[in-house]
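# Structure assessment
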Amino acid sequence: MDGFGNGPLGFTPQSLAEESLRFQAKLRAGLDTLHQVHDIDYGATAREEVWRDGKVVLYRFRGHTLPNGRAPTAKVPLLIVYALVNRPYMVDLQADKSLVRGLLERGEDVFVLDWGYPDRSDRYLELEDYIQRYIGGAIDHLRAEYRLDAVNLLGICQGGAFSLCHAALNPHKVRNLITMVTPVDFHTSDNMLGNWTRGLDVDLFVDTLGNVPADVMNWCYLTLKPWRLFVQKYVGLVDVLDDQKALEDFLRMEKWIFDSPDQAGEAFRQFVKQFYQGNGFVKGGIDIGGRPVDLRSVDMPVLNIYAEQDHLVPPASSKALADLVGTGDYSELSFKGGHIGIYVSSRAQREVPSAIHEWLGARSR
């Protein structure tokens, strides 16, 4: 067989045979490993419900339940607002991949807003409901409980866009604002999702479907990187089939990806029209309950965190915020990773919670 050489593709019949044997061995080991894997759970940190409006729930994380836990030292609570398209437990996926845990360990008092699962009764919810009623209601609850005029707000992805709107409309209620992988300029040339959505007949889409099915949304996101997300990661799964922990990590991430709520139809229509198609942060035209959103009204300190390899929110889309907000205290933090890696990678666990904590601490005096 050595007479064949490596050939133009760099393999020989012998190497192919060896690779086939290794593949079969992995598959056999995987059968044993899969028997050891039970239901995949998520959420590393204890939490309790503290406020509710219909399906929307505000949770407080309990840092004292951690092995090295302690009571919060921060005097101002931090509210995390996630996107509508996926579940917010991405920020607390598992013990060694938890933005929440990192913040708690540094003394922050952390809350998260859980949007729940919209159904047909939510078909006519508008952006005003999400931005003013739900985010506003959660903030007002925290202001009353802590006897504060304003709280800290951390908005992630679409939740960051919502947080910008709320801060612009209610600047006196937000003490410090952090945006993470948040789209601001929806018309940058490298924004694939923005380019796709601009041609969507969203009126026909919503009038036909009502609420937007989660499977439709997931399909759109996955097809932005079809080779990586439909083929490569599942081929790579074979390499970890004999490693129970690695397999459980993989399945936990898959569970999060496909645990997507439907989208309330009217709010989806408004978001696509005003943000993706109208590019309202940059060009104006965002209207929330009859009130225009002007980012120059965002006059509190702002920390904008973006991911350098983000295919959903390219850096240029996020960095546009610098020229739009009215604050004189604006900071940026770049992260060497992607849209999901900024929550779950080992680098993120080292860098992101400490950067947020230190930035907030410098503004707590």
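### Considering the side chain of Gln 94
Considering the arrangement of structural elements, one finds Gln 94 in strand β4 (residues 92-94). Residue classification places Gln 94 among the buried positions, given a relative accessible area of 7%. Setting aside anything within four residues of it in sequence, one finds Gln 94 in contact with Ala 44, Lys 245, Asp 249 and Arg 252.

### Describing the pattern of salt bridges
Note on pairing: side chains with opposite charge can pair once their charged atoms come close. Counted under the stated rule, the structure contains 18 salt bridges. A salt bridge links Glu 48 to Arg 62, with the nearest nitrogen and oxygen atoms 1.9 Å apart. With Glu 48 in strand β1 (residues 47-53) and Arg 62 in the loop between β2 (56-61) and β3 (78-81), this residue pair connects regions lying 14 residues apart in the sequence. On the basis of relative accessibility, which here comes to 31%, the residue Glu 48 falls in the partly exposed class. The class of Arg 62 is partly exposed, set by a relative accessible area of 23%. With a closest N to O distance of 3.2 Å, Glu 266 and Arg 269 form a salt bridge. Taken together, the residues span about one helical turn, with Glu 266 and Arg 269 both in helix α10 (residues 265-277) at a distance of 3 residues. Both residues of the pair, Glu 266 and Arg 269, belong to the buried class. Among the charged side chains, a salt-bridge network with shared partners connects Arg 123, Asp 203, Asp 207, Glu 266, Arg 269 and Lys 273.

### With respect to the packing of aromatic side chains
For the coordinates displayed, the defined rule picks out 15 aromatic pairs. Relative to Tyr 134, the ring of Tyr 130 lies with its centre 5.6 Å away and its plane at 70°, an arrangement referred to as edge-to-face. In this pair, Tyr 130 and Tyr 134 are both assigned in helix α3 (residues 127-146), 4 residues apart and thus about one turn of the helix distant. Residue classification places Tyr 134 among the buried residues on the basis of a relative accessible area of 5%. Measuring from ring centre to ring centre gives 6.2 Å for Phe 186 and Phe 271, while their planes differ by 85°; the resulting arrangement is edge-to-face. Here the residue Phe 186 occupies a position in the loop between β8 (174-180) and α5 (192-198), and Phe 271 occupies one in helix α10, the gap between them amounting to 85 residues. Like Phe 271, Phe 186 is buried. Through successive ring pairs, a cluster of aromatic residues spans Trp 115, Tyr 130, Tyr 134, Phe 162, Phe 186, Phe 271, Phe 275, Tyr 276 and Phe 281.

### Examining the environment of Val 216
Residue position: Val 216 is located in helix α7 (residues 214-222). Residue classification places Val 216 among the partly exposed positions, given a relative accessible area of 31%.

### Some thoughts on the pairing of β2
Most of β2 sits out of view: 6 of its 6 residues are buried. Alternating residues of β2 divide into Val 56, Leu 58 and Arg 60 and Val 57, Tyr 59 and Phe 61, and every residue in both groups is buried. Bridge count between β1 and β2: 6 bridges; the pairing is antiparallel. For Trp 51, the partnering residue across the bridge sits in β2 and is Leu 58. A loop of 2 residues connects β1 with β2, the two strands running antiparallel in sequence, and Gly 54 in this loop sits at a positive phi of about 65°.

### Section: the sheet that holds β8
Strand pairs in the sheet, formed through backbone hydrogen bonds, run parallel or antiparallel to each other. Here we have 8 strands laid out as an open sheet, ordered β1-β2-β6-β3-β7-β8-β11-β12, and mixed in their pairing. Each of the sheet's edge strands pairs with one partner strand only, and the pair in question is β1 and β12 (330-335). Sheet twist, expressed as the mean angle between neighbouring strand axes with direction ignored, is 20°. As paired strands, β3 and strand β6 (residues 110-114) are joined by 4 bridges and run parallel to one another.

### Considerations on the side chain of Thr 45
Locating Thr 45 in the fold gives a position in the loop between α1 (13-36) and β1. We classify Thr 45 as buried; its relative accessible area is 7%.

### Looking at empty space enclosed by the protein
Under the criterion given, the structure shown has 1 cavity of 30 Å³ or more. Volume-wise, the largest cavity comes out at about 40 Å³. Together, Leu 84, Trp 115, Gly 116, Pro 118, Tyr 130, Pro 261, Asp 262, Gln 263 and Ala 264 line the largest cavity. For the lining of the largest cavity, the residue count by class is 6 nonpolar, 2 polar and 1 charged.

Cut-offs and rules
Residues numbered from 1 in each chain as written. Predicted model: local features only at pLDDT ≥ 70, side-chain atom pairs only at ≥ 80, totals over all residues. Heavy atoms only, no water. Helix = DSSP H or I, 4+ residues; strand = E, 2+ residues; numbered from the N terminus. Buried < 20%, exposed > 50% of the residue type's maximum accessible area, 1.4 Å probe, protein only. Contact = heavy atoms within 4.5 Å. Salt bridge = Lys/Arg side-chain N within 4 Å of Asp/Glu carboxyl O. Phe/Tyr/Trp six-rings, centres within 6.5 Å; stacked < 30°, edge-to-face > 60°. Pairing = 2+ DSSP bridges. Axes fitted to C-alpha atoms, helices over the stretch in contact; angles between N-to-C directions. 1 Å grid on protein atoms, 1.4 Å probe; cavity = no way out; pocket = protein on both sides within 12 Å on 5 of 7 lines; lining within 4 Å. Points joined across faces, edges and corners; volume = space filled by probe spheres on them. Nonpolar A, V, L, I, M, F, W, Y, C, P; charged D, E, K, R; others polar.

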